[in-house]
Amino acid sequence: SSTLIWMVVRSPQRLTTTQHRILFGMAIGDIIFSLSAASFRAMVPSDMDYLVWNAQGNQTTCNVMGFMSGVSVVMSLLYSCSLNIYSLAIVKYNKTDYYIRNKMEPFLHGVPIASALTGGFAMLATQGYNSEFGGGCLAPVYDPPHCIGIEDGQVREGLEIQCGRG
């Protein structure tokens, strides 16, 4: 993704074309996802250290990791759809650059960014970023093995996060 950004920025057109701007947005989403994965699960709450190697974080770091992962995945996927729609408009419907730039491009960027951020903030508001068995922070409900036999809202002794959170 950083190579793609480098190629776009160094090209003669730079960010003056719709295609380059869409590719730039998609690459930014990929880079954000890579940064969220680069922590090697250190941002997963330490409550999960018996299941997840290198779990050293807390619920706040898990929220950050989950937000970055979720937003970037949705943004990258929807930017990929935008690139497909852009290509369809050029190849099949013979739309002009003026039409695409002024009529379509606001949606080609707005939908991926707005959808990703709306979903990300909705997950934050509903406590939807919780650690999961694989070491990510995208589980809708916090229900690890140490919560078996414990009621929702209770915290097992020596741990920090409420069972059934989310």
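Note that the structure is predicted; figures quoted are calculated from it, not measured. (Residues numbered from 1 in each chain as written. Predicted model: local features only at pLDDT ≥ 70, side-chain atom pairs only at ≥ 80, totals over all residues. Heavy atoms only, no water.)

A. Local environment of the packing of helix 2 (residues 18-37) against helix 3 (residues 59-91). Two elements in contact, helix 2 and helix 3, have axes whose closest approach is 8 Å; the angle formed by their N-to-C orientations is 155 degrees. Taken together, helix 2 and helix 3 sit at an angle that is classed as roughly antiparallel. Judged by the twist between their axes, the crossing of helix 2 over helix 3 is left-handed. Partitioned by chemical class, the residues of the contact of helix 2 with helix 3 number 14 nonpolar, 10 polar and 1 charged. (Axes fitted to C-alpha atoms, helices over the stretch in contact; angles between N-to-C directions. Helix = DSSP H or I, 4+ residues; strand = E, 2+ residues; numbered from the N terminus. Parallel < 35°, antiparallel > 145°, perpendicular 65-115°, else oblique. Left-handed = near helix turned anticlockwise from the far one by under 90°. Nonpolar A, V, L, I, M, F, W, Y, C, P; charged D, E, K, R; others polar.)

B. A look at the confidence of the model for the protein. Of the residues in the protein, 100% have a pLDDT of 70 or more, and the chain-wide mean is 93. In the model of the protein, helix 1 (residues 2-10) stands out as the element of lowest mean pLDDT, 93, in contrast to helix 4 (residues 97-125), which has the highest, 97. (pLDDT = per-residue confidence, 0-100.)

C. Region of interest: the packing of aromatic side chains. Counted under the stated rule, the structure contains 1 aromatic pair. Each ring, one from Phe67 and one from Phe121, has its centre 5.1 Å from the other, and the planes form 50 degrees; the classification is tilted. Of the two residues, Phe67 is situated in helix 3 and Phe121 in helix 4; the sequence distance between them amounts to 54 residues. Lying over the aromatic face of Tyr99, Lys95 brings its terminal NZ or CZ to 4.7 Å of the ring centre. (Phe/Tyr/Trp six-rings, centres within 6.5 Å; stacked < 30°, edge-to-face > 60°. Lys NZ or Arg CZ within 6 Å of the ring centre and 35° of its normal.)

D. View of the pattern of salt bridges. The full count for this structure, using the stated rule, is 1 salt bridge. Between Glu105 and Arg21 there is a salt bridge, with its nearest N and O atoms 2.5 Å apart. One end of the pair, Glu105, is in helix 4; the other, Arg21, is in helix 2, and 84 residues separate them in sequence. (Salt bridge = Lys/Arg side-chain N within 4 Å of Asp/Glu carboxyl O.)

E. Highlighting helix 4. Relative to the 42 Å expected for 29 residues at 1.5 Å per residue, helix 4 spans 40 Å between its end C-alpha atoms, a close match to the ideal helical length. Met104 marks where helix 4 bends most, by close to 55 degrees; the proline Pro106 follows one to four residues later. Taken residue by residue, helix 4 has Ile100, Met104, Glu105, Leu108, His109, Pro112, Ala116 and Gly120 as its buried positions. At its buried positions, helix 4 is contacted by helix 2 and helix 3. Trailing helix 4 by a residue or two, Gln127 shows a phi angle of about 55 degrees, which is positive. (Expected span 1.5 Å × (residues − 1). Bend = angle between axes of the 7 residues up to and from the residue. Buried < 20%, exposed > 50% of the residue type's maximum accessible area, 1.4 Å probe, protein only. Contact = heavy atoms within 4.5 Å.)

F. Main features of the state of the cysteines. Within this structure, the stated rule accounts for 2 disulfides. The side chain of Cys62 participates in a disulfide bridge whose partner is Cys137; the two sulfur atoms lie 2.1 Å from each other. Here Cys62 and Cys137 share a disulfide; its torsion about the S-S bond, -120 degrees, makes the bridge left-handed. On the criterion of sequence distance, the pair formed by Cys62 in helix 3 and Cys137 in the segment after helix 4 is long-range, its members being 75 residues apart. The burial state of Cys62 is the same as that of Cys137; both residues are buried. (Disulfide = S-S within 2.5 Å.)

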